[in-house]
Amino acid sequence: MASPRAAMARVRRLAASAGGSVASQAVTALGSLVLQLVAVRFIGPVALGAFALLSAILVTATTVYTSWVGDSLNVLDRFDPALRSSLVASALFFATAGSAVGMALALVLRLTGPAGVALFAVLITLWLAQETFRRVLHARLEFGALLANDLTYVITTLVFLAGLRLITGRFDLDGILLAMCVGCLAALAVTLRRLPRQEYALVRPRLAGMRELSAFAAWRSAQSSLRPLALLVTRVAIDTFASRTVLAVVEAARLLMTPALTLISGAGGYLLPTFVRQRDAGISMRPRNALVGSLVLAGVSCACGVAAIATLGFFGPLITGGAFTLDAVSVGGWAVYAVSFSATLPLASMATAYKQSRLVFLVRGAETAVGLAAVLILLVLRPDLAVFAPYCIGLGGMVSGLLLWWRLRIIRDRVRARHTDPERGTHAI
């Protein structure tokens, strides 16, 4: 049995690792928050709506890419030659496809001019390249280096944007996109200097290990893209059936829940590689621990929601600059969404570490389909009630969490059976 001193040391190490992941997410969220405040205060609510749609496209492309390439770097053997060549091929494909689809959506939705569309395509490519090495830092549990990467991006982006303001005397959406491109380049350079050469050594792209890679990554990519895809569809639907100004109101309300959403994302970035390390070390992964994590995050999300509504009178005008008004109903919707996010994320991370991405996809896919159907019905019948859209996509998370917890208990029992009875385990496989 470990001594109290050893136990405390272990707790401190865990807290430092988790804190580094959350701090990294906090820095990124703060940078995004500042950029959105610049949009709403200096460019207007319509520009905020356009920036929200561009951000949603970028996040969706990043999630699909990261769940195929980035999570495979965490869960699979990234130094296996066949897998590595397939990962390089996948990275090239998704970067090219993501940029092309992003340009097409920006043009169809008329989010910016030709120069802005070209900048957005470049931004997607640079963002995905940076995200690749962020995930390598995740796999290495080097959250201090990850924090340095994100600080570099945020500081460079904001300093460049401020310099652009001094030179041109104005802000516009294209300037924000250009500043983000420069920030990505700076962060990429800093991260490559910190990583050992073997981590970014390129190999010839081939499909030799694609079957093994896709066996894990296909389901993982599908289930991870559900949440950002649901948000993207919801934003496009609000923009189509209501207006871009209404979308700006919904997005501004989400900014008040940034602390909770940042904490949840940071916890997710820490939990997946940690569960994988436990699995590889032969340490039993207890579904109860993931359930406790979900309940803790859900409690924090509730507290943040109550605090956001209580301080709405102060922070609302600070965010909107008086351009429009925020109310408790719109903020409460994002609080419900945050609780739903909390209820599934730790459990989904543990299931992914068990390589049960298909299970997570089926559970979350059903939840997402019901939520989006509710959003579309609401907006078609009552577009004036668009602020209730976050409630629609937020409901159902608790049910999904309980289903995942129940399945994880069954998976745990099967793993224990294989370890205690090798013959029985072989038949079970």
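Residues numbered from 1 in each chain as written. Predicted model: local features only at pLDDT ≥ 70, side-chain atom pairs only at ≥ 80, totals over all residues. Heavy atoms only, no water.

Turning to the overall build of the protein chain, a few remarks are in order. Along the protein chain, the regular secondary structure elements total 18 helices and zero strands. Taken over C-alpha atoms, the radius of gyration comes to 22 Å for the protein chain, in line with the 22 Å a tight globule of 429 residues would show. With the principal axes as the frame, the protein chain shows a C-alpha extent of 70 × 45 × 45 Å. Per-residue burial over the protein chain gives 52% buried out of 429 residues. Excluding contacts between residues fewer than 6 apart, the proportion of contacts in the protein chain whose partners are at least 24 apart in sequence is 84%. Surface accessibility of the protein chain: about 19300 Å² in total, with carbon and sulfur atoms responsible for 68%. Looking at charge distribution, the protein chain has the averaged site of its 39 positive side-chain charges lying 4 Å from that of its 19 negative ones. (Helix = DSSP H or I, 4+ residues; strand = E, 2+ residues; numbered from the N terminus. Rg over C-alpha atoms; globule rule 2.2 N^0.38 Å. Buried < 20%, exposed > 50% of the residue type's maximum accessible area, 1.4 Å probe, protein only. Contact = heavy atoms within 4.5 Å. Areas by Shrake-Rupley, 256 points an atom, 1.4 Å probe, with all protein chains shown as cover. Lys, Arg positive; Asp, Glu negative; His and termini not counted. Charge placed at Lys NZ, Arg CZ, Asp CG, Glu CD.)

Here the focus is a nonpolar patch on the surface. A contiguous nonpolar patch, built from Leu 229, Val 233, Phe 241, Leu 376, Ile 377, Val 380 and Leu 381 and spanning about 620 Å² of accessible area, is present on the exposed surface. Counting only elements with at least two residues in the nonpolar patch, the list comes to α9 (226-241) and α15 (357-381). (Patch = residues over 30% accessible without salt bridge, like charges linked within 9 Å, V, L, I, M, F, W, Y side chains within 5 Å. Salt bridge = Lys/Arg side-chain N within 4 Å of Asp/Glu carboxyl O.)

Across all of its chains, the model carries ten salt bridges by this definition. Arg 140 is paired through a salt bridge with Glu 142; the nearest N and O atoms lie 2.9 Å apart. The class for Glu 142 is partly exposed, based on a relative accessible area of 26%. Residues Arg 235 and Glu 251 are paired through a salt bridge, measuring 2.7 Å at the closest nitrogen-oxygen approach. You can see Arg 235 sitting in helix α9 and its partner Glu 251 sitting in helix α10 (residues 244-255), a full 16 residues away along the chain. Among the charged side chains, a salt-bridge network with shared partners connects Glu 131, Arg 134 and Asp 150.

All right, on to the packing of helix α4 (residues 114-139) against helix α5 (residues 143-168) then. With their axes 8 Å apart at the nearest point, α4 and α5 run at an angle of 160° to one another. Between α4 and α5, the angle is such that the two are roughly antiparallel. Judged by the twist between their axes, the crossing of α4 over α5 is left-handed. Residues Trp 127, Gln 130, Arg 134, Leu 137 and His 138 of α4 lie in contact with α5, whose contacting residues are Phe 143, Ala 145, Leu 146, Asn 149, Asp 150 and Tyr 153. Here the contact of α4 with α5 is built from residues that sort into six nonpolar, three polar and two charged. (Axes fitted to C-alpha atoms, helices over the stretch in contact; angles between N-to-C directions. Parallel < 35°, antiparallel > 145°, perpendicular 65-115°, else oblique. Left-handed = near helix turned anticlockwise from the far one by under 90°. Nonpolar A, V, L, I, M, F, W, Y, C, P; charged D, E, K, R; others polar.)

Position of Arg 244 relative to the elements: it lies in helix α10. A distance of 3.2 Å separates a polar side-chain atom of Arg 244 from the backbone oxygen of Leu 109. Sequence-distant contacts of Arg 244, defined by excluding residues within four places in its chain, comprise Pro 45, Val 46, Gly 49, Ala 50, Leu 53, Leu 109, Arg 110, Leu 111 and Asp 239. (Polar contact = N/O pair within 3.5 Å; in protein donor to acceptor, adjacent residues only side chain to side chain.)

As a further point, take helix α12 (residues 287-310). Taking 1.5 Å per residue as the helical rise, α12 with its 24 residues ought to reach 34 Å, and the 35 Å between its terminal C-alpha atoms agrees with that figure. Buried within α12 we find Pro 287, Ala 290, Ser 294, Leu 297, Ala 298, Ser 301, Gly 305 and Ala 308. (Expected span 1.5 Å × (residues − 1).)

This next bit is on the domain arrangement of the protein chain. What the domain assignment lists for the protein chain is domain 1 (11-220) and domain 2 (243-414). For domain 1 versus domain 2, the separation of C-alpha centres amounts to 21 Å. Listed per partner, the contact involves 36 residues of domain 1 and 31 residues of domain 2. The largest contributions to the domain 1 side of the interface with domain 2 come from Pro 45, Val 75 and Trp 219, which together make up 20% of the buried area. Applying the counting criterion to the domain 1 and domain 2 interface returns zero salt bridges. Taken together, the links from domain 1 to domain 2 amount to two residue pairs in polar contact (both at pLDDT 80 or more). At the level of secondary structure, the elements contributing two or more residues to the side of domain 1 that touches domain 2 comprise α1 (4-43), α2 (45-75), α4 and α8 (210-224). Grouping the constituent residues of the side of domain 1 that touches domain 2 by class yields 23 nonpolar, seven polar and six charged. (Domains from an automatic or database assignment. Buried area = accessible area lost by both parts, 1.4 Å probe.)

Let us now look at the packing of α2 against α4. Here α2 crosses α4 at 35°, and the two axes come no closer than 9 Å. As α2 runs across α4, the sense of the crossing is right-handed. Where α2 abuts α4, its residues Leu 54, Ile 57, Leu 58, Ala 61, Thr 62, Tyr 65, Thr 66, Gly 70, Asp 71, Leu 73 and Asn 74 lie against Phe 120, Leu 123, Ile 124, Trp 127, Leu 128, Glu 131, Thr 132, Arg 135, Val 136, His 138 and Ala 139. Of the residues contributing to the contact of α2 with α4, the split by class is 13 nonpolar, six polar and three charged.

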